[in-house]
Amino acid sequence: RGVQAHRLCPPRGAGSSLEPEERSMEPPAVPEEEEEEEGAVPLSVAPGPVGCQLFGYVGIEAVLDQMKIKTMKTGFEFNIMVVGQSGLGKSTMVNTLFKSKVSRKSSQPGQEERIPKTVQLQSITHVIEEKGVKMKLTVTDTPGFGDQINNENCWDPIIKYINEQYERYLREEILITRKRKIPDTRVHGCVYFVPPTGHWLRPLDLEFMRRLSKIVNVVPVIAKADTLTLEERAEFKQQIQEDLKTHAISVYPQEDFDQDPEDRALNDRIREKIPFAVVGADQEHQVNGKRVLGRKTKWGIIEVENPAHCEFPLLRDLLIRSHLQDLKDITHNVHYESYRVRRLNESNRPG
């Protein structure tokens, strides 16, 4: 057909009827009035309407299904760090969060735990699967933190570890031939356990959160909140909030990173509850014919997942159900980015 059409086409300048059609393929001239109104924007690049109405089904919504299938195949990574003195229930809390034996103690049964002379960091990685979704969970514990008589600079090993994970990711990222998926060992969230003294934050607590909040997402919690009455708990929480505000300590979720009005409203409600008063338990008990996680005492059972007993459900929703991806995004776009800029500036300095 193309050959026949070429034979039928007359030569240029012959005045055939095809010449107007060939010229009509070019963009039509825009009147001067329209050019002035539209700012001389060509029609080919003029912005379209915001809500374009489709005349039929295209299948754009299938992108969500594609992302879900790909995520279920590859899985995702989540790294959490727990910091606090010995005996505050850090391992039990992690087991309660993920309803499985993922803590450091559970992986070393039969061994007597001794308080180390210095802060030591121990990481354990597990693969957790729920409804076809796989999550590679890494829990980093910090035994020995705050257990010494002299706790000066006891946060240095923790800061060093967090920066080492940033450095490892940076080295993989700047390679000429990079891996298709860079292993992510960066700490996405740090849960700091405050002792239930009922008075105020100690200088150790303030100094740790002041330093760590600049490089990682810090979520403070009141450990073993069942040792406080409801009145003591409310007063202690208010005192902690005042201490954080007085010392300009920004814990997660940070106000500076709220981008959407809906997110700001949700995070404001969360910030009113921080620090969460939590109780951890990895044993089930029978309550009204149902099996619930809780701690059995002489006067009854403290149900961990009951909002009337403690605020553990709020902590779980924050870390897993509502803000897990946000924790990873802030880690990558804010904390890691600031570390990357600092390291590249150091390498570009002469001498």
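Remember, predicted model here, so these are calculated numbers, not experimental data.

Scoring rules and cut-offs
Residues numbered from 1 in each chain as written. Predicted model: local features only at pLDDT ≥ 70, side-chain atom pairs only at ≥ 80, totals over all residues. Heavy atoms only, no water. Pairing = 2+ DSSP bridges. Helix = DSSP H or I, 4+ residues; strand = E, 2+ residues; numbered from the N terminus. Contact = heavy atoms within 4.5 Å. Axes fitted to C-alpha atoms, helices over the stretch in contact; angles between N-to-C directions.

K.L.:
Which residues make up the sheet that holds strand 1 (residues 76–83), and what values do they have?
P.N.:
If you trace the six strands from one edge of the open sheet to the other, you get 2-3-1-4-5-6, paired in mixed fashion. The open sheet is flanked by strand 2 (122–130) and strand 6 (276–277), the only strands paired with a single partner. Bridge count for strand 5 (residues 218–222) against strand 6 is two bridges, and the pairing is parallel. Its bridge partner lying in strand 6, Val221 is registered against Phe276. Across the sheet, helix 5 (residues 90–98) is in contact with strand 1, strand 2, strand 3 (133–141) and strand 4 (189–194); its angle to strand 3 comes to roughly 170 degrees. Strands strand 1, strand 2 and strand 3 of the sheet are contacted by helix 6 (residues 156–173), whose axis makes an angle of about 170 degrees with strand 1.

K.L.:
Any details on unusual backbone geometry? Residues and values, ideally.
P.N.:
Cis geometry is adopted by the peptide bond preceding Pro253, which originates at Tyr252 and carries an omega value of 0 degrees. If you trace the backbone, Pro253 turns up in the loop between helix 8 (230–246) and helix 9 (261–273). For the bond running from Ile274 to Pro275, omega is 0 degrees, close enough to zero to count as cis. Structurally, Pro275 is set in the loop between helix 9 and strand 6. Its identity is not glycine, yet Asn153 carries a phi of approximately 60 degrees, on the positive side. The residue Asn153 is located in the loop between strand 3 and helix 6 in this model.

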